[in-house]
Amino acid sequence: MFRTRFTEQFGTEHPIVCGGMTGLGTAQLISAVANAGALGFLTALTQPSPEALVEEIRRTRDLTDKPFGVNLTILPTIDPVPYDEYRAAIIEAGIAVVETAGSSPEPHLPDFHGAGVKVIHKATSVRHALSAERKGVDAISIDGFECAGHPGEDDVPGLILIPAAVRALSVPVIASGGIATGEGLAAALALGADAVNMGTRFMATNEAPIHPNVKAQIVANTERDTVVVFRQFKNSARVAKNSISERVAEIGGRPGATFADVAALASGVRGRAKVLDQGEMEDGMWWAGQTQGLIHEVDAVDKVVRKIIADAERAVGRVSSLVDRRVAAQ
């Protein structure tokens with residue numbers, strides 16, 4: 001068993017997080033994560049309305065009596081999102097921890113903290129993490145370049161970013177990106193992190209509410225089967241490699257290209273409908289990290305978490321056995 005500031009402050013058995021994933025952060029997966037002793041996040045904007053989110057929270061509570069949270073991703077959208085209403089729904093539902101991502105969480109902190117809600121903010125750089133800490137967040141999830149989704153524009157991998165964040169911050173740090181195994185958990189803890197966040201690993205589980213073809217593709221893929229798109233638009237995103245994402249990257253790389261040139265191909269609605277729901281693996285863009293190369297089976301969430309913890313304990317023991325006690329004693 002690993003005891004860290006994270007497990008103590010957020011009341012989980014293990015220092016493992018399943019962060020918010022659009023289309024996946026539903027009661028089916030997040031209750032399984034909670035029952036396995038980790039901390040999972042429902043994704044607020046996966047639900048079409050604040051009222052639907054409240055109902056999803058209720059469904060999750062019917063399936064687990066352990067802690068879970070809600071992700072609130074704050075981004076500019078064509079159609080305005082009623083963030084104030086989603087925030088109020090989260091508070092009124094009695095959620096104890098929220099994961100924020102995207103824009104600054106500052107406008108939401110007074111209400112969340114006033115209701116006793118802890119806030120974990122996702123950041124892709126130390127400078128952004130420090131800004132969020134100054135604004136009062138309770139923990140930082142730091143995303144390395146290996147991660148699925150938006151890794152920022154600095155291209156700093158976890159081996160550098162995690163200890164740099166730990167050194168700069170005083171709040172607990174959750175290492176995110178490039179972690180899917182017990183060895184990864186042990187390494188992150190050795191670098192000073194208080195927990196790890198995994199997304200792609202939890203996609204390849206029995207409880208993930210996506211088509212079996214997607215799970216099988218994650219297992220079949222290697223660490224080389226991702227593409228970074230939207231770089232030219234200063235909104236870099238790591239996605240799984242397929243004919244659509246490679247076309248998006250090619251069109252986006254043309255001189256003078258704009259997002260409008262790839263919008264139809266890159267549509268999140270298309271990716272969720274065609275790939276995640278229908279299993280048409282070449283008919284939409286979908287998110288996955290380089291950890292695909294570390295995932296070799298689809299299994300139940302509980303078995304995945306138990307194996308990660310057991311492997312992390314073995315990894316710690318293996319490193320400890322390499323220490324020359326005579327030297328250490330001096």
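Residue numbers restart at each chain and count upward from 1, following the sequence in its written direction. Owing to the predicted nature of the model, reporting of local features is limited to residues with pLDDT of at least 70; listing and counting of side-chain atom pairs is limited to 80 or more, with chain, interface and lining totals taken over all residues. For the side-chain quantities, the full set of heavy atoms in the structure was used; hydrogens and water were omitted.

**Examining the pairing of strand 6 (residues 139-143)**
Two faces make up the sheet, and in a regular strand the side chains alternate between them. Our working definition: Type-normalised accessible area, obtained with a 1.4 Å probe on protein chains alone, sets the label of each residue: buried when under 20%, exposed when over 50%, and partly exposed for intermediate values. Starting at the N terminus, helices and strands are each numbered in turn, a helix being any DSSP run of H or I of at least four residues and a strand any DSSP run of E of at least two. When DSSP finds at least two bridges between two strands, those strands are taken to pair. Whether a crossover is right-handed depends on one test, that the path from the first strand over the helix to the second runs clockwise when the strands point away from the viewer.
Burial of strand 6 is extensive: five of the five residues sit out of reach of the surface. Every second residue of strand 6 is oriented toward a common face, with Ala-139, Ser-141 and Asp-143 on one face and Ile-140 and Ile-142 on the other, all of them buried. Of the pairings in the sheet, the one linking strand 5 (residues 118-123) to strand 6 comprises four bridges and is parallel in character. Opposite Ala-123, over in strand 6, you have Ile-142 as the bridge partner. Remark: the strand 5/helix 6 (residues 126-135)/strand 6 crossover connection has right-handed handedness.

**Observations regarding the pairing of strand 7 (residues 173-176)**
Along strand 7, one buried face is formed by Val-173 and Ala-175 and the opposite face, lined by Ile-174 and Ser-176, is buried too. Examined bridge by bridge, strand 6 and strand 7 share four bridges and lie parallel to one another. Looking at strand 7, one finds that Ser-141 is bridged to Ile-174. In this region the chain leaves strand 6, passes through helix 7 (residues 158-168) and returns to the parallel neighbour strand 7; the handedness of that crossover is right-handed.

**Examining helix 4 (residues 83-92)**
Keep this limit in mind: The reported arc concerns the directions from the helix axis to the C-beta atoms and nothing else. Residues are treated as being in contact if the distance between any of their heavy atoms lies within 4.5 Å.
When helix 4 is considered as a whole, its buried residues turn out to be Tyr-83, Tyr-86, Arg-87, Ala-89 and Ile-90. Across the axial projection of helix 4, the buried residues extend over an arc of 160 degrees, all falling on one side. Within helix 4, the exposed residues directed more than 90 degrees away from the buried face are Asp-84 and Glu-92. On its buried face, helix 4 is in contact with helix 3 (50-63), strand 3 (69-74), strand 4 (97-102) and helix 5 (109-114). In the stretch just after helix 4, Gly-94 is the one whose phi turns positive, near 80 degrees.

**Some points on the sheet that holds strand 4**
Note the following rule: Interaxial angles span 0 to 180 degrees and are taken between N-to-C directions of axes, which are lines fitted to C-alpha atoms, for helices over the stretch in contact.
Taken in spatial order, the eight strands close into a barrel running 1-2-3-4-5-6-7-8, and their pairing is parallel. The mean inter-strand angle of the sheet, taken between neighbouring strand axes irrespective of direction, is 25 degrees. In the packing of helix 6 onto the sheet, contacts are made with strand 5 and strand 6, and the angle to strand 6 comes to roughly 165 degrees.

**Looking at the nonpolar core**
Threshold: Grouping buried Ala, Val, Leu, Ile, Met, Phe, Trp, Tyr and Cys residues that are joined through side-chain atoms within 4.5 Å yields what is termed a nonpolar core.
In terms of nonpolar packing, the biggest core is built from 74 residues, with Ile-16, Ile-140, Ile-142, Phe-202, Val-214 and Trp-286 touching the most fellow members. The element contributing the most residues to this core is helix 14 (residues 301-321), with seven residues. Sequence-distant contacts of Trp-286, defined by excluding residues within four places in its chain, comprise Met-203, Val-214, Gln-217, Ile-218, Val-239, Ala-240, Asn-242, Val-275, Leu-276, Met-281 and Gln-292. By size, the runner-up hydrophobic cluster in this structure holds 12 residues, among which are Val-229, Phe-230, Ala-237 and Ile-244.

**A few points about helix 10 (residues 212-220)**
Every buried residue of helix 10 is listed here: Val-214, Lys-215 and Ile-218. Each buried residue of helix 10 sits inside an arc of 100 degrees when the element is viewed along its axis, so together they form one side. Exposed residues pointing more than 90 degrees away from the buried face of helix 10 are listed as Pro-212 and Ala-220. Buried residues belonging to helix 10 abut helix 9 (200-203) and helix 13 (268-277).

**Some points on the environment of Ala-260**
Mapped onto the secondary structure, Ala-260 falls in the loop between helix 11 (243-252) and helix 12 (263-266). Judged by its relative accessible area of 64%, Ala-260 is exposed.

**Description of the packing of helix 3 against helix 4**
Using the following cut-off: If an angle is under 35 degrees, it is roughly parallel; if it is over 145, roughly antiparallel; if it lies from 65 to 115, roughly perpendicular; otherwise it is oblique. Crossings are sorted by hand: turned counterclockwise from the far helix by less than a right angle, the near helix makes the crossing left-handed, and turned clockwise it makes it right-handed.
Look at helix 3 against helix 4: their axes get within 9 Å of each other, and the N-to-C directions meet at 25 degrees. As far as their axial angle goes, helix 4 and helix 3 are roughly parallel. Relative to helix 4, helix 3 is oriented so that their crossing is right-handed. Note on element contacts: helix 4 touches helix 3 through Glu-85, Tyr-86, Ala-89 and Ile-90, opposite Pro-50, Leu-53 and Val-54.

**Considerations on the environment of Gly-158**
As for its placement among the helices and strands, Gly-158 is situated in helix 7. We classify Gly-158 as buried; its relative accessible area is 6%. Separated by 83 residues in the primary sequence, Gly-158 and Lys-241 place their C-alpha atoms 21 Å from one another. Not counting the four nearest positions on each side in its chain, Gly-158 is found in contact with Gly-144, Glu-146, Pro-163 and Leu-191.

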